[in-house]
Protein chains: 2
Amino acid sequence: MGKTTRKLEVVSPVPADIDIANSVEPLHIAEIAQELNLSPKHYDLYGKYKAKVLLSALDELQGAGDGYYVVVGGITPTPLGEGKSTTTVGLCQALGAYLDKKVVTCVRQPSQGPTFGIKGGAAGGGYSQVIPMDEFNLHMTGDIHAITAANNLLAAAIDARMFHESTQSDKALFNRLCPPNKEGKRSFSNIMFRRLQKLGISKTNPEDLTPEEMKKFARLDIDPETITWRRVMDVNDRFLRKITVGQGPEEKGMVRETGFDIAVASEIMAVLALTTSLSDMRERLGKMVIGNSRAGDPVTADDIGVGGALTVLMKDAIHPTLMQTLEGTPVLVHAGPFANIAHGNSSIVADKIALKLVGPGGFVVTEAGFGADIGTEKFMNIKCRYSGLSPHCAIIVATIRALKMHGGGPAVTAGKPLDRAYVTENVGLVEAGCINLARHIENTKTYGTNVVVAINMFSTDSEAELAAVRNAALAAGAFDAVVCSHHAHGGKGAVDLGIAVQKACENATQPMKFLYPLDISIKEKIEAIARSYGASGVEYSEKAEKQIETYSNQGFSGLPICIAKTQYSFSDDASKKGAPSGFVLPIREVRASIGAGFIYPLIGTMSTMPGLPTRPCFYEIDIDTQTGRVIGLS
Amino acid sequence: MGKTTRKLEVVSPVPADIDIANSVEPLHIAEIAQELNLSPKHYDLYGKYKAKVLLSALDELQGAGDGYYVVVGGITPTPLGEGKSTTTVGLCQALGAYLDKKVVTCVRQPSQGPTFGIKGGAAGGGYSQVIPMDEFNLHMTGDIHAITAANNLLAAAIDARMFHESTQSDKALFNRLCPPNKEGKRSFSNIMFRRLQKLGISKTNPEDLTPEEMKKFARLDIDPETITWRRVMDVNDRFLRKITVGQGPEEKGMVRETGFDIAVASEIMAVLALTTSLSDMRERLGKMVIGNSRAGDPVTADDIGVGGALTVLMKDAIHPTLMQTLEGTPVLVHAGPFANIAHGNSSIVADKIALKLVGPGGFVVTEAGFGADIGTEKFMNIKCRYSGLSPHCAIIVATIRALKMHGGGPAVTAGKPLDRAYVTENVGLVEAGCINLARHIENTKTYGTNVVVAINMFSTDSEAELAAVRNAALAAGAFDAVVCSHHAHGGKGAVDLGIAVQKACENATQPMKFLYPLDISIKEKIEAIARSYGASGVEYSEKAEKQIETYSNQGFSGLPICIAKTQYSFSDDASKKGAPSGFVLPIREVRASIGAGFIYPLIGTMSTMPGLPTRPCFYEIDIDTQTGRVIGLS
């Protein structure tokens, strides 16, 4: 056991999350850093309990070996909650505070929107949490705010550019873009050479361009109908889903329909999660495509002149934030791409730094959003593809009550008491639901990864029910299946899980296999993923067909695929629990995040801006002005 | 000279601001804190060069004496720039690094919008700057981001509440607002008791309310036409000035016209600048008025249930940020209310902490936005009224070229070379322009404060021109008038100014006098301020008349007045330079920031959202990915 870890004194019944979080005095984050042998020059403090670990740490550790890499996925989610974050944290508390391993937990930064809406916080739960809970859930070290600022600077630049192009001649536009200095000499700024190169113009003096070249350079001629770049806000503001902008008199009637997404849905968040270095981030941000010109060419952030400024806004956000669990083990919080339309995994740089910090024999446990069909699949085929890393073990989190639902249990309605089926023994329902678990196990095994099932126990679960899940998991090919009670007992409740994960890692085959190669067509890649869902085929709308053709023509067909699908079923129909098969997957639309580096087909309508209910969480949230303590967060 | 201060080696001609900023290695901010005798328990590090000074420092220093309090205003601004921030910083470098005084500079946090637009940074200039420049200009410690988040949470809550009220019966609405717990018992959350009290309902059990009381409680019945709360963004996004929201199908046709302001124009920024403690901020945020009910009653953030959550979002922002000047003297950066529609001064808490930290004999130099007619006037009548502090000296910054413009010099156009009149001797023009300076001096003296004129010298200024200003200033009643060259020489160039300021402070009469008492009518207060501008009278639009009546009826007539007027003239007409008089001041509209605590009459149209030009500053801004250094900021 490391010097900084400590074991919890647990109380039963389990108190409210905020009360548990407040009952533990966090360690100064410098102590956590020291335990990781992190030199003070490689981190910046942000208050007493947070520090940004600088990418320079990675340079220094370049020669060192990596630890074991563990990804946490889940069965198909239900409204009952499966406790994936809680299990991720609890497992690390077990490894660090009970099994004497070096360990780092890698999790996503939560969006502030749901914190004030209906979800509350996302720091885990019970005796398995990241603390301080309020600092984790609110602002943290400002990364999401930086993303919002960068996203919206680009959005403002798009509309302003279209406005200025519409009101100026080619020559006036060119002259304004390349204004004379005090000596009357015009020059290109550095970023302009990126556009000139794209246009095949090798001249370096603005005066040498022909009128035709001036026009090509200065006039982006963005087709407003093709703009995919929207504004973002880290607030649940449903009235911004669809808006009309430009209605002020100074904007001269250039109105346009657009909308806001929640900030974590910004492509810049996906860039942050998938980037591998500062220079890589600079290139990704510059090549983000915001729409097409009227001639059909993709228009990028660098064409608009803003790729450098976006990188400057994101320069601190690229460093992951170090925090701690209730038992004093280290946590790296970084990125949080929206799992609906992006890949829903925390960042590559955080995982890479963590693997070096724990070193050989240590463990990095990273969480993948949604069920394993979406989260683990994208972890493997998108995140690992860009990082070059391979997991040694994949965990699938399941609960008895969720499996009962997959087995045909009654509907669950928020605000109403749970049906008896979920709180009394019903082995039959559990066994029927294990069909869902089994498919997730089989799918995950195709990557060549050992699968450990974590059964996140509730007090109402019976021995026979737990045994049924364990048997089904092993029958489906799981390396092991372990009951754990970290919600009620902290790390102590996940010791068996920790031992099983260690064995799975020690017996891992490396490297992993991908589900599809990159050099097949967009449709073939989509179809490979669809088969893993159990689909018998894929159906494309006319719009989707056209978009696939456009992206292929524009040279983007070599990117991995990030399917945007309901998390509540293997299929496109959220009501189909268990393991549906034989359905045809309908692709409504296909979009692309070129900077982040994936094509994302949309199946059904994905909401990218949540709303506020009649009584949002914020009614309970306040500050004790005497102590400065936050109350009412959950 | 303190241990942390250091003298600059200056180069001539003066290099670019960013090059000077990058040529100095900043001290670790803990060294700056130590020099101020600030215990580590009273600050939180944010990286190596920024720290938040916690309000707890103020509690500990409660018994200690205050230093001298100096406010920096200016003559009426011109497009030429007068260097008020530069003078504020340069004076402090002189006091700290040359005159061996304890000194703290108090400045506003700049908005990120103009940094990427046309203005560039706001850290001072030449050899008088706050460093690191990029950290000062971008994100800083996240205060403006916190304001954006809080402002927009309230905005989302307003529209969501109107939506839910429109779709639910009184009973359903009440039941949703007070949902039953697991035992089926309904209860009010704490914040609801604020609304109940306002309605005169003393019952504490939801079940006891009559249907009429339930309706009064649950139905805010906001009149959409009266909503003054807009969304904000810290980006120059002109297309958001006027928008229509709610056009998504789920919003059921509840469209509404509204718009975005730049984040620093949020009332929450004004609250931050004027608050005196955490509990005071909680009350101010809760009583912000967002519009009226259809019955004409003001609806507040607490009525909507969100005052506590707003405070939680702002809990770190209330602590000022410690940074440093080029010569290692301490700077507190805090708040930055938009001078157009708010009071344009940095925060009360920063000034209060600074006065205790420097102690008797030390100096706190705080900057007021815009010309003295607006900035200093609001500093005195709004900020000092709420803080209870009195300045010992008021500085008025002037330049020869700006005074020439006030004397009738030719128009100045951006991008064109300066007219000869501004760069060759013309004593007559200077003398004529001193009429503007003289009125600012006379106005400032009415507060009972000694006035020192700082003549911010340019290399083209002649001795005779400088002497003319000095003579005019003394004739108008200035305590002293001093030529300074801190832009070219750093603190060394402002030593004479420092000595003059020290004398003025030592000879100060305290306390200050206000321009108007609070207990006269709104109109009488407006008229007192108008007279100070040189107006012969005030004219009210019909709308303004009605608004004044409404605010008076609602009980808000006891607040101070914050006039929203062009900064480019004493009058309402920006083209009237010098010291116009005899004009009638037209009040177009009257609004109120009830939480911040002022009524603001609008004269003419105030833009609250800047735009981006054809070639914004962002074209030059990038990162050196090898060193991580920001380039192109100015």
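Residues numbered from 1 in each chain as written. Chains lettered and ligands numbered in written order. Predicted model: local features only at pLDDT ≥ 70, side-chain atom pairs only at ≥ 80, totals over all residues. Heavy atoms only, no water.

**A look at the packing of aromatic side chains**
Geometrically, a pair of aromatic rings is defined through the distance of the ring centres and the angle of the planes.
Moving on, step 1. Tallying each qualifying case throughout the model produces 20 aromatic pairs over all chains.
Moving on, step 2. Here Phe188(B) and Phe217(B) contribute two aromatic rings whose centre-to-centre distance is 5.3 Å and whose plane-to-plane angle is 65 degrees, an arrangement assigned as edge-to-face. Of this pair, Phe188(B) sits in the loop between α8 (170–177) and α9 (192–198) while Phe217(B) sits in helix α10 (residues 211–218), placing them 29 residues apart in sequence. Of the two residues examined, Phe188(B) and Phe217(B), each falls in the buried class.
Moving on, step 3. Every member of this aromatic cluster is reached through a ring pair, and the members are Phe174(A), Phe188(A), Phe193(A) and Phe217(A).
Moving on, step 4. Over the ring of Tyr540(A) we find Lys523(A), and its NZ or CZ is 4.6 Å from the ring centre. (Phe/Tyr/Trp six-rings, centres within 6.5 Å; stacked < 30°, edge-to-face > 60°. Helix = DSSP H or I, 4+ residues; strand = E, 2+ residues; numbered from the N terminus. Buried < 20%, exposed > 50% of the residue type's maximum accessible area, 1.4 Å probe, protein only. Lys NZ or Arg CZ within 6 Å of the ring centre and 35° of its normal.)

**Examining the domain arrangement of chain A**
Size of an interface: often given as the accessible area lost when the parts come together.
Residues and elements named next belong to chain A.
Moving on, step 1. For chain A, the assigned domains read domain 1 (17–141 + 316–506), domain 2 (144–303) and domain 3 (522–602).
Moving on, step 2. In this structure, domain 2 and domain 3 have C-alpha centres spaced 28 Å apart.
Moving on, step 3. Contacts between the two partners involve twelve residues from domain 2 and, on the opposite side, ten residues from domain 3.
Moving on, step 4. Roughly 750 Å² of surface becomes buried between domain 2 and domain 3 when both sides are summed, with 58% attributable to carbon and sulfur atoms.
Moving on, step 5. Where domain 2 packs against domain 3, one counts zero salt bridges.
Moving on, step 6. For the pair domain 2 and domain 3, the interface holds seven residue pairs in polar contact (both at pLDDT 80 or more).
Moving on, step 7. For the side of domain 2 that touches domain 3, the elements supplying multiple residues, two or more each, are α11 (267–274) and β11 (289–292).
Moving on, step 8. Considering each element in turn, the side of domain 2 that touches domain 3 owes the most residues, four residues, to α11.
Moving on, step 9. In terms of residue class, the side of domain 2 that touches domain 3 is built from six nonpolar, two polar and four charged. (Domains from an automatic or database assignment. Contact = heavy atoms within 4.5 Å. Buried area = accessible area lost by both parts, 1.4 Å probe. Salt bridge = Lys/Arg side-chain N within 4 Å of Asp/Glu carboxyl O. Polar contact = N/O pair within 3.5 Å; in protein donor to acceptor, adjacent residues only side chain to side chain. Nonpolar A, V, L, I, M, F, W, Y, C, P; charged D, E, K, R; others polar.)

**Some words on the pattern of salt bridges**
Moving on, step 1. Here the structure, examined in full by the defined rule, presents 72 salt bridges over all chains.
Moving on, step 2. Across the pair Glu283(A) and Arg194(A) runs a salt bridge whose closest N-O atoms are separated by 3.1 Å. Of this pair, Glu283(A) sits in helix α12 (residues 278–286) while Arg194(A) sits in helix α9 (residues 192–198), placing them 89 residues apart in sequence.
Moving on, step 3. With its nearest N and O atoms 2.3 Å apart, the salt bridge here joins Asp303(B) to Lys198(B). Of this pair, Asp303(B) sits in the loop between β12 (298–300) and α13 (307–313) while Lys198(B) sits in helix α9, and the two are 105 residues apart along the sequence.

**Regarding the relation of the copies chain A and chain B**
Moving on, step 1. Superposing chain A onto chain B takes a rotation of 180 degrees combined with a translation of 0.0 Å along the rotation axis, leaving an RMSD of 0.0 Å. Such a combination of turn and shift is consistent with a two-fold rotation axis. For chain A, the residue whose C-alpha comes nearest the rotation axis is Tyr46(A), separated from it by 2.2 Å. (Least-squares fit on C-alpha atoms with pLDDT ≥ 70 in both.)

**Overview of the state of the cysteines**
Moving on, step 1. Under the definition given, this model contains zero disulfides over all chains.
Moving on, step 2. The thiol of Cys92(B) is not disulfide-bonded; the next cysteine sulfur, from Cys106(B), is found 8.3 Å away.
Moving on, step 3. In this structure Cys178(B) is not part of a disulfide, and its nearest cysteine sulfur, from Cys617(A), lies 16 Å away. (Disulfide = S-S within 2.5 Å.)

**Things to note about the environment of Ala464(A)**
Residues and elements named next belong to chain A.
Moving on, step 1. Topologically, Ala-464 is positioned in helix α18 (residues 463–475).
Moving on, step 2. It is 9.8 Å that separates the C-alpha atoms of Ala-464 and Val-430, two residues lying 34 residues apart in sequence.
Moving on, step 3. With near-sequence residues (within four places) excluded, Ala-464 lies in contact with Glu-425 and Val-427.

**Concerning unusual backbone geometry**
Moving on, step 1. The step from Ser12(A) to Pro13(A) runs through a cis peptide bond, and the omega angle for that step is -5 degrees.
Moving on, step 2. Take Pro13(A): it is sitting in the segment before α1 (17–23).
Moving on, step 3. Its identity as a non-glycine residue notwithstanding, Asp221(A) has a phi of 50 degrees, on the positive side.
Moving on, step 4. Mapped onto the secondary structure, Asp221(A) falls in the loop between α10 (211–218) and β7 (231–233).
Moving on, step 5. Residues other than glycine seldom take positive phi values, yet Phe370(B) does so here, at roughly 60 degrees.

**Topic: the environment of Ala97(A)**
All names here are of chain A.
Moving on, step 1. Relative to the elements of secondary structure, Ala-97 occurs in helix α4 (residues 84–97).
Moving on, step 2. Taking the relative accessible area as the measure of exposure, Ala-97 reaches 1% and is therefore buried.
Moving on, step 3. Considered as a pair, Ala-97 and Leu-8 are 89 residues apart in the sequence and their alpha carbons are 9.6 Å apart.

**A closer look at the side chain of Thr275(B)**
Residue and element names in this part refer to chain B.
Moving on, step 1. Mapped onto the fold, Thr-275 is located in the loop between α11 (267–274) and α12 (278–286).
Moving on, step 2. Side-chain polar atoms of Thr-275 contact the backbone oxygen of Ser-277, separated by 3.2 Å.
Moving on, step 3. A polar atom in the side chain of Thr-275 sits 2.5 Å from the side chain of Asp-280.
Moving on, step 4. Beyond its immediate chain neighbours, meaning those up to four positions away, Thr-275 contacts Asp-280, Met-281, Arg-284, Ile-318, Ile-348 and Val-349.

**Focus on empty space enclosed by the protein**
Moving on, step 1. Going through the model one piece at a time under the given rule, you end up with ten cavities of 30 Å³ or more.
Moving on, step 2. Here the largest cavity is characterised by a volume of approximately 420 Å³.
Moving on, step 3. Met140(A), Thr141(A), Gly142(A), Thr141(B) and Gly142(B) are, among the 34 residues lining the largest cavity, the residues nearest its centre.
Moving on, step 4. Secondary structure elements with two or more residues in the lining of the largest cavity: α6 (133–137), α7 (143–167) and α13 (307–313) of chain A together with α6 (133–137), α7 (143–167) and α13 of chain B.
Moving on, step 5. Broken down by class, the residue content of the lining of the largest cavity amounts to 14 nonpolar, eight polar and twelve charged.
Moving on, step 6. Broken down by secondary-structure element, the contributors of at least two residues to the lining of the second largest cavity are α7 and β7 of chain A together with α7 and β7 (231–233) of chain B.
Moving on, step 7. Grouping the amino acids of the lining of the second largest cavity by side-chain chemistry returns nine nonpolar, six polar and two charged. (1 Å grid on protein atoms, 1.4 Å probe; cavity = no way out; pocket = protein on both sides within 12 Å on 5 of 7 lines; lining within 4 Å. Points joined across faces, edges and corners; volume = space filled by probe spheres on them.)

**Things to note about the interface of chain A and chain B**
Moving on, step 1. Contacts between chain A and chain B engage 82 residues on the former and 82 residues on the latter.
Moving on, step 2. Of the roughly 7100 Å² buried at the junction of chain A and chain B (both faces included), carbon and sulfur atoms supply 65%.
Moving on, step 3. Among the residues of chain A in contact with chain B, Phe239(A), Thr614(A) and Tyr619(A) are the three that bury the most area, contributing 12% of the side total.
Moving on, step 4. Summed over the shared surface of chain A and chain B, the number is 14 salt bridges.
Moving on, step 5. One salt bridge in this structure joins Arg241(A) and Glu250(B), with 3.9 Å as the shortest N-O distance.

**Regarding the packing of α8(B) against α10(B)**
All names here are of chain B.
Moving on, step 1. Between α8 and α10, the shortest axis-to-axis distance is 9 Å and the interhelical angle comes to 65 degrees. One element, α8, and the other, α10, form an angle in the roughly perpendicular class. Considering only the axes of α8 and α10, their crossing is left-handed. Residues Asp-170, Leu-173, Phe-174 and Leu-177 of α8 pack against Met-214, Lys-215, Phe-217 and Ala-218 of α10.
Moving on, step 2. Here the residues of the contact of α8 with α10 are counted per class, giving six nonpolar, no polar and two charged. (Axes fitted to C-alpha atoms, helices over the stretch in contact; angles between N-to-C directions. Parallel < 35°, antiparallel > 145°, perpendicular 65-115°, else oblique. Left-handed = near helix turned anticlockwise from the far one by under 90°.)

**Things to note about the pairing of strand β18 (residues 480–484) of chain B**
The side chains of a regular strand alternate between the sheet's two faces.
Residue and element names in this part refer to chain B.
Moving on, step 1. When strand β17 (residues 450–456) meets β18, the two strands line up parallel, connected through five bridges. Counterpart to Asn-456 in the pairing with β18 is Cys-484.
Moving on, step 2. Taking the sense of rotation as the criterion, the β-α-β connection linking β17, helix α19 (residues 463–475) and β18 turns out right-handed. (Pairing = 2+ DSSP bridges. Right-handed = clockwise from strand over helix to strand, strands pointing away.)

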